[in-house]
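Read off the chains here:
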Amino acid sequence: MDKIFTVTDLGEGLWEIADCVGCRCYLVKGRDRVALVDSCVGVGDLRPVVRELSRGLPVTVLLTHRHHDHIAGSYLFDDVRIPREEDVDIALGEEQNEHAVRIYVEQGRAPEGAFSAMRDGTRPSFTYFEEGDVLDLGGVTIEGVFLPGHTDHSMGYLVRERRLLLSGDAVTPCMCLFFPESLPIATWRQTLEKMQGLPFDTFRIGHYSHEFRKSDLDGFLAAADYALSGARGLSWMYTYIEGLKGSLYISPDTPTDDADSPDFRAVIGPYVPREHKRRRRHGADGAA
Ligand SMILES: [Zn+2]
């Protein structure tokens, strides 16, 4: 494994930073300050990467939601903001992070003995960032907008001058709504409708290197509608939290069956057990 972080220059003061397990965060640079939206899973030291890109400007970390694969790297920074309601279960996230990193090492996706931000850094004292709050980077402004569903107060960050939304896990090709902190699929559908009215043209998310367009929301809406139609879900098991499972609904409109593709469209909602209809065995009750 050569290096942990891959930096992609997206132009005009925007960079994507991807870690070795596929988590993405985004650095937005203004005249006076940079914002780091999310902070990856904490494998490897993110500070030198951010330092090189920010060129001495102060750094504010903006977190989209509480999950450890978004907040772990923030344990290395001082100015860290998150929606108030997402400042919960942080200790649980630290446990889950330790467990997940162990699995990544076993899978060969993270190096043995790698630096771990949650273990080796310090839990930040969060400042709260709410819907409508604006961070001025100098010539670039970022506005918070709630995108509930994946978690109850997931936040998206609108980079207003670029008409870009950085939305974390609020909308993903394989949409995860099976966590205890997730909201009903119908609520997530409302978030998609809310997004249609927001002032952005493109959006970028937490686990894919892909520029989504606002028109892509139609496919996500179709996936939500399918899941809400009473369709039968497939039983689906989450690798990183023991015993956590959900029901998977693959949109009939998905243009690909490759679950890793940014074009895939599916929703994983809360687990709904299938009704098992007992098959009558021939002659089991003595009938001929
Ligand atoms: Zn998440």
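Structural data are supplied above this passage.
Residues numbered from 1 in each chain as written. Predicted model: local features only at pLDDT ≥ 70, side-chain atom pairs only at ≥ 80, totals over all residues. Heavy atoms only, no water.

A. Layout of the overall build of the protein chain. A tally of regular secondary structure across the protein chain gives six helices and 17 strands. Taken against the 2.2 N^0.38 rule, which gives 19 Å for 288 residues, the C-alpha radius of gyration of the protein chain at 20 Å falls within 12% of a compact globule. Principal-axis analysis of the C-alpha atoms gives the protein chain an extent of 85 × 45 × 35 Å. Considering the protein chain as a whole, with its 288 residues, one finds that 52% of them fall into the buried category. On the protein chain, roughly 13800 Å² of surface is accessible, and the fraction owed to carbon and sulfur atoms is 46%. Taken as two groups, the 32 positive and 45 negative side-chain charges of the protein chain have centres that lie 4 Å from each other. (Helix = DSSP H or I, 4+ residues; strand = E, 2+ residues; numbered from the N terminus. Rg over C-alpha atoms; globule rule 2.2 N^0.38 Å. Buried < 20%, exposed > 50% of the residue type's maximum accessible area, 1.4 Å probe, protein only. Areas by Shrake-Rupley, 256 points an atom, 1.4 Å probe, with all protein chains shown as cover. Lys, Arg positive; Asp, Glu negative; His and termini not counted. Charge placed at Lys NZ, Arg CZ, Asp CG, Glu CD.)

B. Focus on the packing of helix H5 (residues 185–196) against helix H6 (residues 217–228). It is at 10 Å that the axes of H5 and H6 come closest, and there the two elements cross at 160°. With respect to each other, H5 and H6 are oriented roughly antiparallel. Regarding H5 and H6, the two cross each other, and that crossing is left-handed. Of the residues in H6, those in contact with Ile185, Ala186, Trp188, Arg189, Leu192, Glu193, Met195 and Gln196 of H5 are Leu217, Asp218, Phe220, Leu221, Ala224, Asp225, Ala227 and Leu228. When grouped by side-chain class, the residues that make up the contact of H5 with H6 number 11 nonpolar, one polar and four charged. (Axes fitted to C-alpha atoms, helices over the stretch in contact; angles between N-to-C directions. Parallel < 35°, antiparallel > 145°, perpendicular 65-115°, else oblique. Left-handed = near helix turned anticlockwise from the far one by under 90°. Contact = heavy atoms within 4.5 Å. Nonpolar A, V, L, I, M, F, W, Y, C, P; charged D, E, K, R; others polar.)

C. Up close: the packing of aromatic side chains. Throughout the structure, instances matching the rule amount to nine aromatic pairs. With a centroid separation of 5.2 Å and 55° between ring planes, the pair formed by Phe178 and Tyr238 is classed as tilted. Residue Phe178 is found in the loop between strand E12 (174–176) and H5, and its partner Tyr238 is found in the loop between strand E15 (234–237) and strand E16 (245–250); the two are separated by 60 residues along the sequence. Of the two residues, Phe178 and Tyr238, neither departs from the other in class, the shared state being buried. With a centroid separation of 6.0 Å and 85° between ring planes, the pair formed by Phe200 and Phe203 is classed as edge-to-face. Among the aromatic residues, those joined into a ring-pair cluster are Phe178, Phe179, Trp236 and Tyr238. Its guanidinium or amino end placed over the ring of Phe200, Lys214 lies 4.8 Å from that ring's centre, counting from NZ or CZ. (Phe/Tyr/Trp six-rings, centres within 6.5 Å; stacked < 30°, edge-to-face > 60°. Lys NZ or Arg CZ within 6 Å of the ring centre and 35° of its normal.)

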